[in-house]
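Observations on the three-dimensional arrangement
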Amino acid sequence: MGNEFAVHDSTGYDFNAYHRNGEVAADRWVTATRLFDADHVETPAEKWERAQLLFEARDYIGAARLLASVAGEVPFQTDLHLLLARAYYHSAQLGKAEATLRVVVDRDPVEHYAHLLLGRTLERQGRPEEAAPWLRLAAAFGGELPEV
């Protein structure tokens, strides 16, 4: 049953969307002011802000969709790719999370959190042997030394 009064942005996002708990969608007001500005093109920074709100609202699929488009526009932003990987992880898109994290680790080999999340992603896929070295690296980068 669709809403005949639904208002959508250029990505198809429904501004009148409500969560199952009846709360207004987190990013409803972020872009609402641009509804009547037909010439406005959402910047990567605005998309990033909206994606963060979607992530905080636990709309991981929506956040991943939006972050993936921003990642194409801003390919070398580590924080963005980490949040994208987290959104993929939380929405059970583990292959995409793994691929994103491998790119982050290749670009920034000392990014502690990327190693940790890659290890957790591999574990969640049932690949503990592959996960172990990533988790050890994350622990070492985080300052945790194994007990001798």
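Residues numbered from 1 in each chain as written. Predicted model: local features only at pLDDT ≥ 70, side-chain atom pairs only at ≥ 80, totals over all residues. Heavy atoms only, no water.

Below, the discussion takes up the nonpolar core. Nonpolar side chains tend toward joint burial in soluble globular proteins. One finds Phe55, Ala63, Leu67, Leu84, Ala87, Leu101 and Ala114 to be the most contacted residues of the largest nonpolar core, which totals 30 residues. Listing elements by their share of this core, those giving two or more residues are helix H1 (44-56), helix H2 (60-73), helix H3 (78-90), helix H4 (94-107), helix H5 (112-124) and helix H6 (128-141). Here this core gets 8 residues from one element, more than from any other, and that element is H3. With residues near it in sequence (within four places) discarded, Leu101 still touches Leu82, Ala85, Ala114, Leu117, Leu118 and Thr121. (Core = buried A, V, L, I, M, F, W, Y, C linked by side-chain atoms within 4.5 Å. Buried < 20%, exposed > 50% of the residue type's maximum accessible area, 1.4 Å probe, protein only. Helix = DSSP H or I, 4+ residues; strand = E, 2+ residues; numbered from the N terminus. Contact = heavy atoms within 4.5 Å.)

Before going further, it helps to spend a moment on the pattern of salt bridges. Across all of its chains, the model carries 6 salt bridges by this definition. As a salt-bridge pair, Arg50 and Glu42 come within 3.0 Å of each other at their nearest N and O atoms. Across the pair, exposure class does not vary: Arg50 and Glu42 are buried alike. Salt-bridge contacts for Arg102 lead to Glu98; the nearest nitrogen and oxygen are separated by 3.0 Å. Here Glu98 and Arg102 lie together in helix H4, a separation of 4 residues that amounts to about one turn. Taking the relative accessible area as the measure of exposure, Arg102 reaches 30% and is therefore partly exposed. Because the salt bridges share partners, they merge into one network encompassing Glu98, Arg102, Arg127 and Glu130. (Salt bridge = Lys/Arg side-chain N within 4 Å of Asp/Glu carboxyl O.)

A few words now on the environment of Arg120. Tracing the chain through its elements places Arg120 in helix H5. Taking the C-alpha atoms as reference points, Arg120 and Glu98, 22 residues apart in sequence, are found 9.6 Å from one another. If sequence neighbours within four positions are ignored, Arg120 has contacts with Tyr89 and Leu135.

The contact between H3 and H5 brings their axes to 11 Å, and the two run at 20°. Taken together, the axes of H3 and H5 are roughly parallel relative to one another. When you trace H3 past H5, the crossing you get is left-handed. Taking contact as the criterion, the partners of Leu82, Ala85, Arg86, Tyr89 and His90 in H3 are, on H5, Tyr113, Ala114, Leu117, Arg120, Thr121 and Arg124. The residue inventory of the contact of H3 with H5, partitioned by class, reads 6 nonpolar, 2 polar and 3 charged. (Axes fitted to C-alpha atoms, helices over the stretch in contact; angles between N-to-C directions. Parallel < 35°, antiparallel > 145°, perpendicular 65-115°, else oblique. Left-handed = near helix turned anticlockwise from the far one by under 90°. Nonpolar A, V, L, I, M, F, W, Y, C, P; charged D, E, K, R; others polar.)

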